[in-house]
Amino acid sequence: MQDTHPLQHEDSLAASHAELFRQADPAFAHWAEGYGPIRHAARTQVRVHEMAQLLVTQRRTCEAANVYRVLAAADRVAAAAMWLTVHMTYASSVRCDGMPLAAEDFKRVPEGHTGGSLNMVPAYIGYLAANSLTAHTRAWVMGQGHSVAGIEACNLLVGNLLPVQAERYDTTEAGLTRFVNDFYSYALTPDGTPASPLGSHVSANTAGGISEGGYLGFTELQYVHMPLPGERLVAFLSDGAFEEQRGSDWAPRWWRAEDSGLVAPIMVLNGRRIEQRSTMQQLGGVAWLQEHLRNNGFDPIAIDGTDPAAFAWAIFTMEDRQQACAAAVQRGDMVYPAHLHYTIAEAPKGFGFPGAGTNDAHNLPLGANPRTDAQARRRFNEGTALLHVAPDELRAAVAALNLHEVQGRPREKDHILATRSVPAIVTPELPAAPSAGSLASPMDGIDAAFQAVVRRNSHLRVRVGNPDELRSNRMGGTLDILKHRVVSPEPGVSESITGSVITALNEEAVVSAALANKGGLNLVVSYEAFAAKMLGALRQEILFARHLALAGRPPKWLSVVTVATSHAWENGKNEQSHQDPTFGETLLGEMGDTSRVLFPCDWNTAQAALLAAYVTHGQFWSMVVPKRPLPVRASPAQAQRLVKDGAMMIRNDAQARVLFVAIGAYQLQEALLAADRLAARGVPVALSYVLEPGRFRMPRDSAESTVTASDAEIARLFPPEIFARVILTHTRPEPMVGLLRRLDTGPARTRTLGFISRGGTLDVNGMLFANRSTWAHAVAAAAETLGQALDSVLDPAEIDSVRGCGDPHVLFDAR
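These lines cover the structure that appears in this document, whether it is placed above or below. Predicted, not measured: the structure shown is a model, and the values here were computed from it. (Residues numbered from 1 in each chain as written. Predicted model: local features only at pLDDT ≥ 70, side-chain atom pairs only at ≥ 80, totals over all residues. Heavy atoms only, no water.)

**Section: the overall build of the protein**
Move 1: Looking only at helices and strands, the protein features 32 helices and 20 strands.
Move 2: Computed over the C-alpha atoms, the radius of gyration of the protein is 30 Å, within 12% of the 28 Å expected from 2.2 N^0.38 for a compact globule of 815 residues.
Move 3: Viewed in the frame of its principal axes, the protein has a C-alpha envelope of about 100 × 65 × 55 Å.
Move 4: Expressed as a percentage of its 815 residues, the buried residues of the protein come to 61%.
Move 5: Sequence separation of at least 24 residues holds for 77% of the intrachain contacts in the protein that already meet a minimum separation of 6.
Move 6: Taken as a whole, the protein presents about 30300 Å² of accessible surface, with 52% of it coming from carbon and sulfur.
Move 7: In the protein, 73 side chains carry a positive charge and 84 a negative one; their mean positions are 3 Å apart. (Helix = DSSP H or I, 4+ residues; strand = E, 2+ residues; numbered from the N terminus. Rg over C-alpha atoms; globule rule 2.2 N^0.38 Å. Buried < 20%, exposed > 50% of the residue type's maximum accessible area, 1.4 Å probe, protein only. Contact = heavy atoms within 4.5 Å. Areas by Shrake-Rupley, 256 points an atom, 1.4 Å probe, with all protein chains shown as cover. Lys, Arg positive; Asp, Glu negative; His and termini not counted. Charge placed at Lys NZ, Arg CZ, Asp CG, Glu CD.)

**Observations concerning helix H24 (residues 636–645)**
Because an α-helix packs 3.6 residues into every turn, residues spaced three or four apart end up facing the same way.
Move 1: Of all the positions in H24, only Ala639, Leu642, Val643 and Asp645 are classed as buried.
Move 2: Each element contacted by the buried residues of H24 is listed here: helix H23 (603–613), strand S16 (647–651), strand S18 (685–690) and helix H27 (711–717).
Move 3: Two residues or fewer past H24, Gly646 is found with a positive phi of approximately 90°.

**Observations concerning the packing of aromatic side chains**
Move 1: Using the criterion set out here, one finds 21 aromatic pairs in the structure.
Move 2: With 5.4 Å between their ring centres and 40° between their planes, Tyr124 and Tyr127 make a pair best called tilted. Here Tyr127 and Tyr124 lie together in helix H5 (residues 114–134), a separation of 3 residues that amounts to about one turn.
Move 3: Here Tyr127 falls in the buried class, since its relative accessible area comes to 0%.
Move 4: Site record: aromatic cluster; members linked through ring pairs are Phe21, Phe28, Trp31 and Tyr68.
Move 5: Across the ring face of Trp250, the terminal group of Arg253 is positioned such that the distance to the ring centre comes to 5.3 Å.
Move 6: Positioned above the aromatic ring of Tyr336 is the side chain of Arg256, whose terminal nitrogen or guanidinium carbon lies 4.9 Å from the ring centre. (Phe/Tyr/Trp six-rings, centres within 6.5 Å; stacked < 30°, edge-to-face > 60°. Lys NZ or Arg CZ within 6 Å of the ring centre and 35° of its normal.)

**Let's talk about empty space enclosed by the protein**
Move 1: Here the structure, examined in full by the defined rule, presents 7 cavities of 30 Å³ or more.
Move 2: In this model, the largest cavity occupies a volume close to 70 Å³.
Move 3: Taken together, Glu220, Tyr223, Leu237, Phe242, Ser248, Asp249, Leu293, Phe298 and Tyr342 form the lining of the largest cavity. (1 Å grid on protein atoms, 1.4 Å probe; cavity = no way out; pocket = protein on both sides within 12 Å on 5 of 7 lines; lining within 4 Å. Points joined across faces, edges and corners; volume = space filled by probe spheres on them.)

**Some remarks on the sheet that holds strand S2 (residues 232–238)**
Move 1: Strand order in the open sheet formed by 5 strands is S1-S2-S3-S5-S4, with parallel pairing between adjacent strands. Because the sheet does not close on itself, it has two edges, and the strands there are strand S1 (139–142) and strand S4 (298–304). Across this sheet, the average inter-strand angle for adjacent strands is 20°, counted without regard to direction.
Move 2: The pairing of strand S3 (residues 262–269) with strand S5 (residues 340–346) spans 4 bridges and is classified as parallel. Bridge pairing in S5 places Met267 opposite Ile344.
Move 3: The strands that helix H13 (residues 308–331) touches are S2, S3, S4 and S5; relative to S4, the one it contacts most, it runs at about 165°. (Pairing = 2+ DSSP bridges. Axes fitted to C-alpha atoms, helices over the stretch in contact; angles between N-to-C directions.)

**Structural notes on the pairing of strand S20 (residues 750–753)**
Move 1: As paired strands, strand S19 (residues 724–729) and S20 are joined by 4 bridges and run parallel to one another. By the bridge assignment for S20, Arg725 is matched with Thr750.

**A few points about the environment of Ile301**
Move 1: Within the secondary structure, Ile301 sits in strand S4.
Move 2: Look at Ile301 and you get buried, because its relative accessible area is 4%.
Move 3: Each C-alpha atom of the pair Ile301 and Thr343 lies 4.6 Å from the other, and the pair is 42 residues apart in sequence.
Move 4: Setting aside chain neighbours within four positions, we find Ile301 in contact with Arg47, Trp313, Thr317, Met318, Arg321, Tyr342, Thr343 and Ile344.

**Considerations on the pattern of salt bridges**
Move 1: A complete count under the given rule lists 36 salt bridges for this structure.
Move 2: The salt bridge involving Asp645 is made with Arg641; its shortest N-O contact spans 2.5 Å. On the criterion of helical spacing, the pair formed by Asp645 and Arg641 is a turn pair, its members being 4 residues apart in helix H24.
Move 3: Looking at Asp645, the relative accessible area reads 12%, which means it is buried.
Move 4: For the salt bridge of Arg651 with Asp676, the shortest nitrogen-to-oxygen distance reads 2.7 Å. A residue pair is termed long-range when its members are at least 10 positions apart, and Arg651 in strand S16 and Asp676 in helix H25 (residues 665–680) qualify at 25 residues.
Move 5: Looking at Asp676, the relative accessible area reads 37%, which means it is partly exposed. (Salt bridge = Lys/Arg side-chain N within 4 Å of Asp/Glu carboxyl O.)

**Side note on the side chain of Arg725**
Move 1: Checked against the element boundaries, Arg725 lands in strand S19.
Move 2: Within the buried set, Arg725 has no salt-bridge partner at all; the shortest N-O distance to an opposite charge, 6.9 Å, is to Glu721.

**Things to note about the sheet that holds strand S17 (residues 658–663)**
Move 1: Taken in spatial order, the 5 strands of this open sheet run S16-S18-S17-S19-S20, and their pairing is mixed. Where the open sheet ends on each side, the last strands, each with one partner, are S16 and S20. Strand-to-strand, the axes of this sheet are offset by a mean angle of 20°, without reference to chain direction.
Move 2: Taken together, the 4 bridges between S16 and S18 define a ladder with antiparallel strand orientation. When the sheet's bridge partners are listed, Met649 is paired in S18 with Ser688.

**Notes on the nonpolar core**
Move 1: In terms of nonpolar packing, the biggest core is built from 129 residues, with Phe450, Leu521, Phe660, Phe718 and Leu794 touching the most fellow members.
Move 2: With residues near it in sequence (within four places) discarded, Phe660 still touches Ala671, Ala674, Ala675, Leu678, Val685, Ala686, Leu687, Ser688, Val726, Leu728, Ala778 and Ala782.
Move 3: Of all hydrophobic cores here, the second largest spans 96 residues; its members include Phe28, Cys96, Phe316 and Val398. (Core = buried A, V, L, I, M, F, W, Y, C linked by side-chain atoms within 4.5 Å.)

**Focus on helix H6 (residues 148–158)**
Move 1: Of all 11 residues making up H6, 11 are buried, and the element is well covered by its neighbours.
Move 2: When H6 is considered as a whole, its buried residues turn out to be Val148, Ala149, Gly150, Ile151, Glu152, Ala153, Cys154, Asn155, Leu156, Leu157 and Val158.
Move 3: Among the structural elements, helix H4 (64–90), H5, S1, helix H7 (163–166), helix H8 (173–182) and helix H15 (391–401) are those in contact with the buried residues of H6.

**Some thoughts on the environment of His146**
Move 1: Relative to the assigned elements, His146 resides in the loop between S1 and H6.
Move 2: Residue class for His146 comes out buried when judged on its relative accessible area of 16%.
Move 3: With sequence-adjacent residues up to four places away left out, His146 is seen in contact with His113, Ser117, Ser200, His201, Gly213, Leu216 and His362.

**Notes on the side chain of Thr206**
Move 1: Looking at where Thr206 falls in the secondary structure, it is placed in the loop between H8 and helix H9 (218–222).
Move 2: Among the polar contacts made by the side chain of Thr206, one reaches the side chain of Glu152 at a distance of 2.8 Å.
Move 3: Once residues lying within four places of it in the same chain are set aside, the contact partners of Thr206 are Trp140, Val148, Ile151, Glu152, Leu162, Gln165 and His201. (Polar contact = N/O pair within 3.5 Å; in protein donor to acceptor, adjacent residues only side chain to side chain.)

**Structural notes on the layout of surface pockets**
Move 1: In this structure, the largest pocket spans a volume of roughly 1100 Å³.
Move 2: In terms of lining residues, the largest pocket is bounded by 36 residues, among which Thr193, Pro194, Ser196, Asn205 and His547 are the most central.
Move 3: Contributing elements (two or more residues each) for the lining of the largest pocket: helix H21 (535–550) and helix H26 (702–705).
Move 4: In terms of residue count, H21 provides more of the lining of the largest pocket than any other element does, 6 residues in total.
Move 5: In terms of residue class, the lining of the largest pocket is made up of 18 nonpolar, 12 polar and 6 charged.
Move 6: Within this model, the second largest pocket holds a volume of roughly 530 Å³.
Move 7: In terms of lining, the second largest pocket is formed by 28 residues, of which the most central are Leu417, Ala418, Thr419, Arg420 and Leu548.
Move 8: Where the lining of the second largest pocket is concerned, the elements lending two or more residues are helix H19 (507–516) and H21.
Move 9: Ranked by residues supplied to the lining of the second largest pocket, first place goes to H21 with 4 residues. (Nonpolar A, V, L, I, M, F, W, Y, C, P; charged D, E, K, R; others polar.)

Listed below in structure tokens is the structure:
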């Protein structure tokens, strides 16, 4: 006779225990009945009973019945939120009495990410219930931002709204009808911004939202770095996003009780992407994921992903276990990495409504429009009837769940991560700068300044994102004081269990560590070419921060600095893959009031830019910085003025016939040489250096216009009477000349030199020559704009070299 499978025995035992609990406690029995499609598995019932007893023992509640009362209310609010979620997708009218909708009550064009949104309802309501049961408002973040409809529906029903929504929506029939019609209304204001405060993803109008969640996979990389000690975070993740950026498996490597709050990651595993099963589901689903998590230092917990109570229990249990692990480490009974507890919430995609578990569930689970299809209309009405909660019963449930006032805690819209506020740094005194004209690496300047900032602001948690080679990139001092975070330090290496440098050969993972640490001080250092891999993570943060500012709630966390070094012009020792200015070019495309892109030219401008960044809030400063020693050209005072104005005149001559505009350290070097040659040949020259090109663009909206230069400022820095202009740029010429249309005097009078996608294993001179950006090429371009013969400004051998038929070294020797 074959033995009973252990899990079958466990489930059988749980069922018998649950039956005893139901018989002994009417309040437990009332909750255990569930509501609508929400049912409580025997294992969940046993887990909840144990949690209730523990809450009583810990004196967080006076009796277990209070726990069951909250959870019974959660069932009803969850059913109502699922009911409202499907109305958001399909309906143009809402009937609070639950009567069937007619054809004309449906949208002409339904839209929504319905399946994922339905799955998020039990998860989010479980989060709200956990907060009520423990009298603690946790932070939350959701990686699958397209599932926001479920959260918006929950927030409306429980009254957890930001003013922009609270002024427009309520739970009357008219208010709910307005709410569902605003969803995917595509309405515009006169200035071209969305008129509806509801979006397809988490937005600045979503109560408690801190990330759009549009770029899948980044929340998985960030959540472990978000909370500070004493804070708690619930991170909702998805099995689809699990296939995205690598690095989420390393979360146990980074978490330390000494400088991190509690994290409760929950994967909603519905087994489907948009068109097919997820890879994880194809590999074995929950069982495969559990093994994978254990192999990577997690302690997986499987729950019923259709049950709000299961989520509440999971949050409570994960935190309890994580605190126990932290205590064991402090006692010396355990070493890092501590097991990070991780919940797998399995549920059919779109649970609770017809079409669940199918590919259609992702967007439109009915497969047809109820407005025009009678069968789809029948299925909608049957599905919503099962979810409907009578208004009086719903009001009572909401009151039982909303215990914020009696518990003296903030609403979830005001959780700690959504209201993060960090004062500007105390600006430190810097060591004496190298003497004017001496050679010094601008990256050494960054290193010295950052160390000073860290020491002067020791109260801030620091995260340095490092894809490798921090010391090679001349940040050795920073590395020595902050150290790589590891679980087993190697003797003689700058490593520590509690190090602040997050190092991995994964650009997405390390930039995420800095982006997530909004309660602290952040710096990311990368090769310029490989910083391009960070663009998705940065762009999502830039957009969300700007949307918050436009919504009247500008972020109050310190601006994040990303330094791109070992850049295109000086990384010739490697092949062309290492020579790419895309990073800065792309970020210049974002709005300049939030995305700041700077090209420091020396030690002092690099330091001034870094210090300026840390006295701002809610911005992203991306700095392209040379690491090779270069002449110190600006005094500290001039550098500060350059950061303030965005550009400065290096040479001004009232008789100037041509204006050089340099953007980038090596470009300034060549522009100075070109100016010297022209002056020596009788052509007076002016020269301006542009540190922050975005300041001189045509502003694209009123917010960007607050940071762009006025016409008077442009006239002062780039004299309009000088029509002949040569722009030498670190970037490719085309994006920069498009950006600087206000400086462009037309194709006949303005030439732009820059990276033209040529390179290889070359030195700096070789890179400049290959990309036709040497001083001699700049002189030739100036002659063309002036209509002047080349032989009046260049020697014959130099002309041959510029034309590509002579010896390149002639130009190098003439320096």
